[in-house]
Amino acid sequence: MKTALLTILLLVISNIFMTFAWYGNLKLSSMGISKNWPLIVVIFVSWGLAFLEYCFMIPANRMGFKENGGPYSLFQLKIIQEVITLTVFTVIAVFFFQGQKLQWNHIVSYICIVAAVFFAFLPSD
């Protein structure tokens, strides 16, 4: 249980860095901070954040993987990661990007993804 929770916690942290690496430049640009930065600078800043993402994601996947003694199959790890990614993205988009509204169709699509998690954890034997 401890490994399962630690895996999920590390994936959440990694996804926070990933979301800012992928979308933080848009917020910085809209705030006027990086609007005039050359694209290569924006890329390197994003790479730096992505490096931090990998510092949490790689250990999470290694410790969470069943063949390394963890509780999750490879497919379960991926599906968990996708749900975490959408959850972290949604929180950041709603709270940091004013004007971005969570619509009913987004909620329905998220429910479908959560349903995928349910099916991924059903016994397959």
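Reference entry: report on the structure contained in this document. Since the model is a prediction, treat every value here as computed from it, not as a measurement. (Residues numbered from 1 in each chain as written. Predicted model: local features only at pLDDT ≥ 70, side-chain atom pairs only at ≥ 80, totals over all residues. Heavy atoms only, no water.)

## So, helix α1 (residues 2-30)
Here comes step 1: Its 29 residues place the ends of α1 41 Å apart at the C-alpha level, agreeing with the 42 Å of an ideal helix rising 1.5 Å per residue.
Here comes step 2: Where α1 bends most, at Tyr 23, the angle is about 55°.
Here comes step 3: The complete set of buried residues in α1 reads Ala 4, Thr 7, Leu 10, Leu 11, Ser 14, Asn 15, Met 18, Thr 19, Ala 21 and Gly 24.
Here comes step 4: As for α1, its buried residues are in contact with α2 (39-64) and α3 (74-96).
Here comes step 5: A positive phi of about 85° marks Gly 32, the residue just after α1. (Helix = DSSP H or I, 4+ residues; strand = E, 2+ residues; numbered from the N terminus. Expected span 1.5 Å × (residues − 1). Bend = angle between axes of the 7 residues up to and from the residue. Buried < 20%, exposed > 50% of the residue type's maximum accessible area, 1.4 Å probe, protein only. Contact = heavy atoms within 4.5 Å.)

## What about the side chain of Thr 90?
Here comes step 1: Secondary-structure assignment places Thr 90 in helix α3.
Here comes step 2: When its relative accessible area of 12% is taken as the criterion, Thr 90 is described as buried.
Here comes step 3: In contact with Thr 90, other than residues within four places in its own chain, are Leu 102 and Tyr 110.

## Regarding the nonpolar core
Here comes step 1: The biggest cluster of nonpolar side chains holds 12 residues, and these are Ala 4, Leu 10, Leu 11, Met 57, Ala 60, Tyr 72, Leu 77, Ile 80, Ile 84, Val 88, Ile 92 and Phe 97.
Here comes step 2: Looking at this core, the elements that each hand over two or more residues are α1, α2 and α3.
Here comes step 3: Among residues more than four places away in sequence, those in contact with Val 88 are Val 12, Asn 15, Ile 16 and Thr 19. (Core = buried A, V, L, I, M, F, W, Y, C linked by side-chain atoms within 4.5 Å.)

## Thoughts on the packing of α1 against α3
Here comes step 1: Contact pair α1 / α3: the axes reach a minimum separation of 9 Å and the direction vectors enclose 45°. In terms of axis orientation, α1 runs oblique to α3. As α1 packs across α3, the resulting crossing turns out to be right-handed. Facing Thr 7, Ile 8, Leu 11, Val 12, Asn 15, Ile 16, Met 18, Thr 19, Phe 20, Tyr 23 and Lys 27 of α1, the residues of α3 in contact are Leu 77, Ile 80, Gln 81, Ile 84, Thr 85, Val 88, Phe 89, Ile 92 and Phe 96. (Axes fitted to C-alpha atoms, helices over the stretch in contact; angles between N-to-C directions. Parallel < 35°, antiparallel > 145°, perpendicular 65-115°, else oblique. Left-handed = near helix turned anticlockwise from the far one by under 90°.)

## Considerations on a nonpolar patch on the surface
Here comes step 1: A cluster of nonpolar residues, Met 31, Ile 33, Trp 37, Leu 39, Ile 40, Val 41, Ile 43, Phe 44, Val 45 and Trp 47, forms a patch on the protein surface that exposes about 990 Å² of accessible area.
Here comes step 2: Within the element layout of this structure, Val 45 appears in helix α2. (Patch = residues over 30% accessible without salt bridge, like charges linked within 9 Å, V, L, I, M, F, W, Y side chains within 5 Å. Areas by Shrake-Rupley, 256 points an atom, 1.4 Å probe, with all protein chains shown as cover. Salt bridge = Lys/Arg side-chain N within 4 Å of Asp/Glu carboxyl O.)

Structural measurements only, silent on function.
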